[in-house]
Amino acid sequence: KDVATNVIDLTGKFWFSPKVFGRLNGGFANIGGGRLTDDDYGSGQRLFSQTTSNMAGNNMYYINADLGGRVKEFVNHRGYLDLFGGFQYWHTEYQATGVTQAACNPSAIPGLTCNAANTVSYQGQTVITNTTDWYSLRVGATTEYRITRRISLRGTAALIPLSIVENKDIHHQRPDLRQNPSSISMSGWGVGVDADVGLKVMLANSLAFNVGYRVWWNHAVDGTVTFHGTNATSEYPLTQFDSLRHGLTAGLNFMF
């Protein structure tokens, strides 16, 4: 939670004809700050242990490749409506350091123990590395409507009807779990939504400034979780996995 990011985002759009275009978009960032909460439950969904860790040494990048076409021009050159479809790859990696025990209830899992609340351990050491990859198909629409000669409203919405997720956790301080390639792996499929809204201001004939807000959300519908022990593995159904990223956007558009 509360993972702050400054993303550098680049987009190129090429018109093959007056009606058909291709678009390639990519972004990357180092993720700074944030908190990882690790909850463990016993039977009956009784909380056994809750720990928190600081986030450090993380990164995120993505690629969108779309093919689309212009389906409508608004009267008096007020704007347009484009439809598109394509592929999205979204990668995030989080590294958590240190462990602070927030809660401990040994009775939830008889035979296991946990540290007392407020106990701090592994200070400055990496305790968990989490890596998530989403492979998604998406279809959507982009529109722009000119309010004045220089100011336009813009919006993009894309539905993700199919997304494949691969998630890997490495618990570096757990001798009972495998370290390479992962201690816990998850795989599944789901759906999602991408949305952008904003304002475009023409600074010159071929130069525009834009500001807006972006939301990306991917949700796993079904999948499996595998615990890779040093001596054996165990598999369980994946009941919930979501990735949500949102924030303000600002940039320049060059048209030539």
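Here is a short report on the structure shown in this document.

## Brief notes about the packing of aromatic side chains
Applying the stated criterion across every chain, the model contains nine aromatic pairs. Between Tyr 62 and Trp 216, the ring centres sit 4.7 Å apart and the planes meet at 75°, which makes this aromatic pair edge-to-face. Linking Tyr 62 in strand β5 (residues 46-73) with Trp 216 in strand β10 (residues 207-228), this pair joins segments that are 154 residues apart in sequence. In this pair, the class of Tyr 62 matches that of Trp 216, namely buried. Ring centres 6.1 Å apart and planes at 55° place the aromatic pair Phe 74 and Tyr 145 in the tilted group. Note that Phe 74 is positioned in the loop between β5 and β6 (79-104) and Tyr 145 in strand β7 (residues 120-146), a separation of 71 residues in sequence. You can call Tyr 145 partly exposed: its relative accessible area is 41%. Taken together, Tyr 61, Tyr 89 and Tyr 135 form an aromatic cluster joined through their ring pairs. One residue, Lys 13, lies across the ring of Phe 21, its end atom 4.4 Å from the ring centre. Over the aromatic face of Tyr 80 sits the side chain of Arg 70, whose NZ or CZ is 3.8 Å from the ring centroid.

Reading guide: rules and limits
Residues numbered from 1 in each chain as written. Predicted model: local features only at pLDDT ≥ 70, side-chain atom pairs only at ≥ 80, totals over all residues. Heavy atoms only, no water. Phe/Tyr/Trp six-rings, centres within 6.5 Å; stacked < 30°, edge-to-face > 60°. Helix = DSSP H or I, 4+ residues; strand = E, 2+ residues; numbered from the N terminus. Buried < 20%, exposed > 50% of the residue type's maximum accessible area, 1.4 Å probe, protein only. Lys NZ or Arg CZ within 6 Å of the ring centre and 35° of its normal.

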